[in-house]
Amino acid sequence: MKLKGKIAVVTGASRGIGRGIAEVLAEEGADVVVNYVSNPEEAEKTARIVRDKGRRAVTIQGDVSKRVDVEAMFDRMEKDLGPADILINNAGIETIVPFLELTDDQWTHLVDINLRGPWLCSQVFCRRAIAAGRKGAIVHIGSIQAAKVLPGRTHYAPTKLGLEALTRNMSAEVTPMGIRVNCVHPGYIETDMTTWIRSVPGARDTVLAQISMARSGECREIGTAVAFFASEEASYLTGQSIHVDGGWAGK
Ligand code: NAP
């Protein structure tokens, strides 16, 4: 087990990719904080998956874009599980709005969750770890859209490419203090976020035709890449971004 005895926070772990990450981290020996914003029942399902693997889990509600929520999440985690060794910044939203129609509020809401959220959670995690002399690992969850243009994403895509810059710049500042920072960009994963692709006739085939493996990825396939970056197997890796996409970005 790569993560035996570690404590991990996975933001947005009530569903989809975050649940897959929580499951794999638990298999690798980590206890898991299952963060969510609005879906306690689904968060509890993820927590049960973690507990069924013999690990501890707590569900903690909190909006990753709000400092008061993030500080409270780390306070509660420290009380219930102990201090965090690993932070996975997975929570995110996607909307599709043409550039010329995008409103200020739509921009701000999405950028706050997708980019400010990872920055904020990372800052709270790093301040606490560094003050206590603990080492740590952070993995940001970006997107294929850091590399490929899809229509109506002039707000979403910059947040995901922005996570690459956040990864490099944070790494330069906190790696000397023992915290590695890396980024995993998922390709097409069939979750609630991508339901619309299955509902538009022909859209799924169009996407799959662009992927070398001609299939969608599993949430667990993102989880295994994340577990690697979070573990000591990646002890000399920091500031890196990798596409886990069946060969979409490179095609
Ligand atoms: P999803 O199924 O829509 O799940 C989103 C998760 O984020 C849920 O757990 C949700 O919590 C949580 N969340 C949303 N806003 C939040 C906030 N403000 N604070 C805390 N948690 C919040 O999405 P997904 O497909 O698993 O995507 C996960 C990540 O992968 C996202 O960053 C996404 O951009 C990225 N990604 C996905 C794909 C894909 O093909 N699916 C591809 C590339 C990148 P509730 O359940 O409580 O609402």
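None of these values were measured; they are calculated from a predicted model. (Residues numbered from 1 in each chain as written. Predicted model: local features only at pLDDT ≥ 70, side-chain atom pairs only at ≥ 80, totals over all residues. Heavy atoms only, no water.)

Looking at helix H1 (residues 16-27)
Inference 1: Taking 1.5 Å as the rise per residue, H1 with 12 residues should run 16 Å; its terminal C-alpha atoms sit 17 Å apart, in good agreement.
Inference 2: With 10 of 12 residues buried, H1 lies mostly within the body of the structure.
Inference 3: Taken together, the buried positions of H1 are Ile17, Gly18, Arg19, Gly20, Ile21, Ala22, Glu23, Val24, Leu25 and Ala26.
Inference 4: In the segment just after H1, Gly29 is the residue with positive phi, at about 105°. (Helix = DSSP H or I, 4+ residues; strand = E, 2+ residues; numbered from the N terminus. Expected span 1.5 Å × (residues − 1). Buried < 20%, exposed > 50% of the residue type's maximum accessible area, 1.4 Å probe, protein only.)

Considerations on the sheet that holds strand S4 (residues 86-89)
The strands making up a sheet are joined through hydrogen bonds of the backbone, oriented either antiparallel or parallel.
Inference 1: If you trace the 7 strands from one edge of the open sheet to the other, you get S3-S2-S1-S4-S5-S6-S7, paired in parallel fashion. Both outer strands of the open sheet, strand S3 (57-61) and strand S7 (241-244), are each paired with one neighbouring strand and no more. Geometrically, the sheet is characterised by an average inter-axis angle of 20° between neighbouring strands, direction not taken into account.
Inference 2: Two strands pair when backbone bridges link them, and strand S2 (residues 31-36) and S3 are joined in this way by 5 bridges, in the parallel orientation. Residue Val34 lies in a different strand from S3, and its bridge partner there is Thr59.
Inference 3: Sitting on the sheet, helix H5 (residues 156-174) touches strand S5 (136-141), strand S6 (179-186) and S7, and the angle it makes with S6 is about 165°. (Pairing = 2+ DSSP bridges. Axes fitted to C-alpha atoms, helices over the stretch in contact; angles between N-to-C directions. Contact = heavy atoms within 4.5 Å.)

Thoughts on the pairing of strand S1 (residues 7-10)
Inference 1: Burial along S1 is two-sided: Ile7 and Val9 and Ala8 and Val10, pointing in opposite directions, are all buried.
Inference 2: Looking at chain direction, S1 and S2 are connected through 4 bridges and run parallel. Opposite Val9, over in S2, you have Val33 as the bridge partner.
Inference 3: You can see the chain leave S1, run along H1 and come back into S2, and the turn it takes is right-handed. (Right-handed = clockwise from strand over helix to strand, strands pointing away.)

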